[in-house]
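Breakdown of the fold
As a plain string of letters, each chain reads:
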Amino acid sequence: MTQTIAPRFRTLVLLLLAAACALLAGAGPASAHAALTGSDPQQGAVVDRAPAQVSLTFSESVSVDDDALRVLDPKGKRVDAGSPSGTGGTTYSVKLHAGLPDGTYTVTYQVVSADSHPVAGAYTFSVGAPSDTTVSASPQAAGGGFVGGLYGVGRYVSYAGFAVLVGGAAFVLACWPRGSGVRVVQRVVVSGWLALTAATLLLLLLRGSYTGSGKLGDVFDLNLLGEVLQTKTGAALVSRLLLLAAAALFVAVLFGAYDKREDEEKRDLTFGLAVGGTVVAAGLAATWAMSEHASVGLQAGLAMPADVVHMIAVAAWLGGLTALLAALYRGPADAPVPAEAVHRFSRLAFGSVIALVVTGTYQSWRQLGSWTAFTDTRYGQLLLVKIALVAVLVGIAYLSRRWTAQLAQAATAGVVRQREKHEKGDKGEKRDKGEKAPVGASAARKNGKAAASGTAAKGSKSAEGGKTSGTSAKAGGAKAGGAKGAGSAKKSGASNGSGTSQRAAQLARQRAAVDAARQKRQRDADPNRFGLRRSVLAEAGVAVVLLAVTTVLTQTEPGRTEEEAKATGSSSATAPEASTGAVTLDMPFDTGSQNGRGVVRVELDPARTGANDLHLYVERPDGTAFDIPEVKVALTQKAKDIGPLPVAPDHITTGHWSASAVQIPIGGDWEVAVTVRTSDIDQVTVSKNAQIG
């Protein structure tokens, strides 16, 4: 049975790893959390005169460098001047050279979103009239190529290493303390630590090239590495390495001092290791939570602790499952995993599943925001795949719980049978002792007769003393002659003795190997344990694919952001052209309440100093107009320290507010802030910058 299972086990593991690698390879470039929600000039716009600057607005704050925003003329020559800068909120701009001729200009951008993903794209606008251009306006591939693929593999290995490290240690402490002395369990936990450490170092080296040029040669650029260390993601990776040093000390104590103590002494050390291990595990999980999706967007202060709990629950379940699988398949035959340890892990996995459901439901609502996002966005589609895999995993885990219960019942029945066998043996021993007494008495009588006959025999022998002494004299000479032979016999006996001891040791090793093989056959022949091994193997196989889907999901733009970007794009398509002199700003909003999502569009006409007409429209993500309890507008020019100048528009019709004679005192870059209230307690303020005058 074992010879059949081992090849199947290796084949299945290889197939599942190949499936995971194929899924990671097909993931493509990372989809960013930040999305371009507006621009000035707008995409495809035709303006009468060349703008003084180009401004881009994203759905969240981003990191920019000197080449993050570039503007190219029809011949591909750069016409931007200076470095990009933030103009307030999530808007970033770059100055342009004065006196630009008519033609089509291309704007390219490559930035890093607040959740660590690279964002890249391009669009065109025209001055005077459109013209031919030699510049391609197709979006750049951010986070793609060979470096992007390596980065994706590194993320997967880091997640897997974290799960195996934390889950394996939790399995030993909470389920099987004696497993700290089992070599295969030690190898599993140490392998998790090595994998996480190596993957973290790889991600740190690849980070600069991943978010920048994408060239493999930039991996070892020390200047680029220095820039990475100054970012939020770089700080998180360095913090992870420091925490891994503490984790190494924890593993050394777990498999060193903890393993050498007796069971009673282990209980005192278990609490300290559990507290220390939980702190280290939470710190490691926080390095992801504080630098990725959970750190930005809606309710980030609640989302980050929820993400930490989610990751620890995943590790306790899947990492503990890996340790259990290794112990069931590769553990020593004389120290099999006890049924009680499997039962404890079953309870631990059940608690982990409950934590996963609670935190996963919250994160799904936070990242999607609507039921339609499940099917209309790539993030939602991947999330449906993940939910299906978790459901399959829970179903297989239910079968494992049944095998665990049967294994526990069989173990209990075996203990009862062993106790009954010992009791029967004790009774039989007492009965044998009672029957041996008369036999001993008869033997004593026989010995007495033998002693009497022996005395008579001595008398007859003494009568023949003369003959005996003569014979003894002859025998003396023979003994003297044989004394030399005795010495040589001793030497040959010593050499024979050393050979005999070597053969005895070899036979002992052979008998030990035979006994171990027999014990392993007996262990594998147990139908309950065999069924448990198969179900745990199936769980581990699904977990490999589930982890790959999770890795791709963390690199995908959340559905809420994708829908907001679509809504902004559809609203921009219906906005009047910039040639009319009006300024149109589209700003997505989300107050976090029911029906609290939409787009507010502000139109300022003629967008010059003096009196202007302001129109404000509120639309749902699908483009339909709707009313809200309150909306306020404020205008601020930070460069001249003017404002905020409040504007109170009047409600005209459904989803439409208007204000006339809005005074703009001087020209320049103005921030237009809109406060939207959708209920008595839910409101949000969104803003964009516009060039007025």
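Because the structure is predicted, anything quoted here is derived from the model rather than measured.

1. Thoughts on the overall build of the protein
When you go through the protein residue by residue, the secondary structure sums to 15 helices and 18 strands. Looking at the protein as a whole, 44% of its 693 residues are labelled buried. Sequence separation of at least 24 residues holds for 71% of the intrachain contacts in the protein that already meet a minimum separation of 6. For the protein, the exposed area adds up to about 34800 Å²; of that, 59% sits on carbon and sulfur atoms.

2. Digging into unusual backbone geometry
Here Asp605 and Pro606 are connected by a cis peptide whose omega angle stands at 10°. As for its position among the elements, Pro606 is in the loop between β11 (597-605) and β12 (610-619). One non-glycine residue, Ala607, lies in the positive phi region at around 60°. One can find Ala607 in the loop between β11 and β12. On the basis of relative accessible area, Ala607 is assigned to the buried category, the value being 7%. The phi angle at Ala661 is positive, at roughly 55°, despite the residue not being glycine. Note on placement: Ala661 falls in strand β16 (residues 656-664). Looking at Ala661, the relative accessible area reads 48%, which means it is partly exposed.

3. A short note on the sheet that holds strand β17 (residues 668-677)
Spatially, β14-β13-β17-β18 is the arrangement adopted by the four strands of the open sheet, whose pairing is antiparallel. On the outer flanks of this sheet lie β14 (642-647) and β18 (683-692), each paired with one strand and no other. In this sheet, neighbouring strand axes are inclined to one another by 20° on average, regardless of whether the strands run parallel or antiparallel.

4. Let's talk about the packing of aromatic side chains
The geometry of an aromatic ring pair comes down to the distance between the two centres and the angle between the two planes. For the structure shown, the criterion picks out 10 aromatic pairs. Where Tyr151 meets Tyr210, the ring centres are 3.9 Å apart and the plane angle is 5°; that geometry is what we call stacked. With Tyr151 in helix α2 (residues 145-174) and Tyr210 in helix α3 (residues 183-211), this pair connects stretches of sequence that are 59 residues apart. With a relative accessible area of 3%, Tyr210 lands in the buried category. Three or more aromatic residues link up through ring pairs in this structure, and these residues are Phe58, Tyr92 and Tyr109. Lying over the aromatic face of Trp288, Arg240 brings its terminal NZ or CZ to 3.8 Å of the ring centre.

5. Quick word on the pattern of salt bridges
In the structure shown here, the tally under the stated rule is 10 salt bridges. The partner of Asp67 in a salt bridge is Arg78, and the shortest N-O contact between them spans 3.1 Å. Residue Asp67 is located in the loop between β4 (62-63) and β5 (69-72), and its partner Arg78 is located in the loop between β5 and β6 (80-88); the two are separated by 11 residues in the primary sequence. Here Lys638 ties to Glu671 by a salt bridge, and the two come within 3.8 Å at their closest N and O atoms. Of this pair, Lys638 sits in the loop between β13 (630-637) and β14 while Glu671 sits in strand β17; the two residues are 33 residues apart in sequence, bridging distant segments of the chain. The exposure class assigned to Lys638 is exposed, which follows from its relative accessible area of 56%. Classification of Glu671 as buried rests on a relative accessible area of 13%. One network of salt bridges, in which partners are shared, links Asp67, Arg78 and Asp80.

6. As for the packing of helix α5 (residues 232-254) against helix α7 (residues 263-289)
Interhelical geometry of α5 versus α7 gives an angle of 160° and a closest axis separation of 9 Å. Regarding the angle of α5 to α7, the classification is roughly antiparallel. For the crossing formed where α5 meets α7, the hand is left-handed. Along its contact with α5, which presents Ala236, Ser239, Arg240, Leu243, Leu244, Ala246, Ala247, Phe250, Val253 and Leu254, the element α7 presents Leu273, Gly277, Val280, Gly283, Leu284, Thr287 and Trp288.

7. Comments concerning the packing of α2 against α5
Their axes nearest at 12 Å, the elements α2 and α5 cross at an angle of 30°. The angle between the axes of α2 and α5 places the two elements in the roughly parallel class. Once α2 is placed against α5, the crossing between them reads as left-handed. Contacts between α2 and α5 involve Tyr151, Ser158, Leu165, Ala169, Val172 and Leu173 on the former and, on the latter, Thr233, Arg240, Leu244, Ala247, Phe250, Val251 and Leu254. Its residues assigned to classes, the contact of α2 with α5 comprises 10 nonpolar, two polar and one charged.

8. What to know about empty space enclosed by the protein
For the structure on display, the rule yields three cavities of 30 Å³ or more. In this structure, the largest cavity occupies an estimated 100 Å³ of space. Considering the residues around the largest cavity, the lining is formed by Ser116, Tyr151, Arg155, Ser158, Leu203, Thr233, Leu237, Arg240, Trp288, Ser291 and Glu292. Taken together, the residues that form the lining of the largest cavity break down as four nonpolar, four polar and three charged.

9. Re the pairing of β16
For β12 and β16, the ladder comprises seven bridges, and the chain directions are antiparallel. In the sheet register, Leu614 faces β16, and the bridge partner there is Ala659. Where strand β15 (residues 650-653) lies against β16, three bridges are found, and the strand directions are antiparallel. Paired with His651 across the strands is Trp657, a residue of β16.

10. Thoughts on the sheet that holds β15
In spatial order, the strands read β10-β11-β12-β16-β15; together these five strands make up an open sheet with antiparallel pairing. Every other strand in the sheet has two partners, leaving β10 (583-590) and β15 as the edge strands with one partner each. Each neighbouring strand pair of the sheet contributes to a mean axis angle of 25°, computed without reference to strand direction. Judged from the seven bridges that link them, β11 and β12 form a sheet pairing that is antiparallel.

11. Concerning helix α9 (residues 339-368)
Over its 30 residues, α9 extends 42 Å from the first C-alpha to the last, a length consistent with the 44 Å expected when each residue adds 1.5 Å. At the exit of α9 stands Gly369, carrying a positive phi of roughly 85°.

12. Concerning the nonpolar core
Formed by 69 residues in total, the largest nonpolar core has its most connected members in Phe162 and Leu254. When contributions to this core are tallied by element, the ones reaching two or more residues are α2, α3, α5, α7, α8 (300-330), α9, α11 (378-463) and α14 (527-554). In terms of residue count, α8 provides more of this core than any other element does, 14 residues in total. Once residues within four sequence positions are removed from consideration, Phe162 is found in contact with Gly167, Leu196, Ala281, Leu284, Ala285, Trp288, Met311 and Ala315. Grouped together as the second largest cluster of nonpolar side chains are 28 residues, Val600, Val618, Val631 and Val633 included.

13. Some details on the side chain of Lys688
Relative to the helices and strands, Lys688 is located in strand β18. One buried charge, Lys688, has no salt-bridge partner; the nearest side chain with opposite charge is Asp586, at 5.8 Å. Reaching out from Lys688, the side chain makes a polar contact with the backbone oxygen of Thr37 at a distance of 3.3 Å. Apart from residues no more than four positions distant in its own chain, Lys688 is found in contact with Thr37, Gly38, Thr57, Thr91, Leu585, Asp586, Met587, Trp670, Glu671 and Val672.

Parameters and conventions
Residues numbered from 1 in each chain as written. Predicted model: local features only at pLDDT ≥ 70, side-chain atom pairs only at ≥ 80, totals over all residues. Heavy atoms only, no water. Helix = DSSP H or I, 4+ residues; strand = E, 2+ residues; numbered from the N terminus. Buried < 20%, exposed > 50% of the residue type's maximum accessible area, 1.4 Å probe, protein only. Contact = heavy atoms within 4.5 Å. Areas by Shrake-Rupley, 256 points an atom, 1.4 Å probe, with all protein chains shown as cover. Pairing = 2+ DSSP bridges. Axes fitted to C-alpha atoms, helices over the stretch in contact; angles between N-to-C directions. Phe/Tyr/Trp six-rings, centres within 6.5 Å; stacked < 30°, edge-to-face > 60°. Lys NZ or Arg CZ within 6 Å of the ring centre and 35° of its normal. Salt bridge = Lys/Arg side-chain N within 4 Å of Asp/Glu carboxyl O. Parallel < 35°, antiparallel > 145°, perpendicular 65-115°, else oblique. Left-handed = near helix turned anticlockwise from the far one by under 90°. Nonpolar A, V, L, I, M, F, W, Y, C, P; charged D, E, K, R; others polar. 1 Å grid on protein atoms, 1.4 Å probe; cavity = no way out; pocket = protein on both sides within 12 Å on 5 of 7 lines; lining within 4 Å. Points joined across faces, edges and corners; volume = space filled by probe spheres on them. Expected span 1.5 Å × (residues − 1). Core = buried A, V, L, I, M, F, W, Y, C linked by side-chain atoms within 4.5 Å. Lys, Arg positive; Asp, Glu negative; His and termini not counted. Polar contact = N/O pair within 3.5 Å; in protein donor to acceptor, adjacent residues only side chain to side chain.

Without other data, these values stay purely geometric and don't point to any function.
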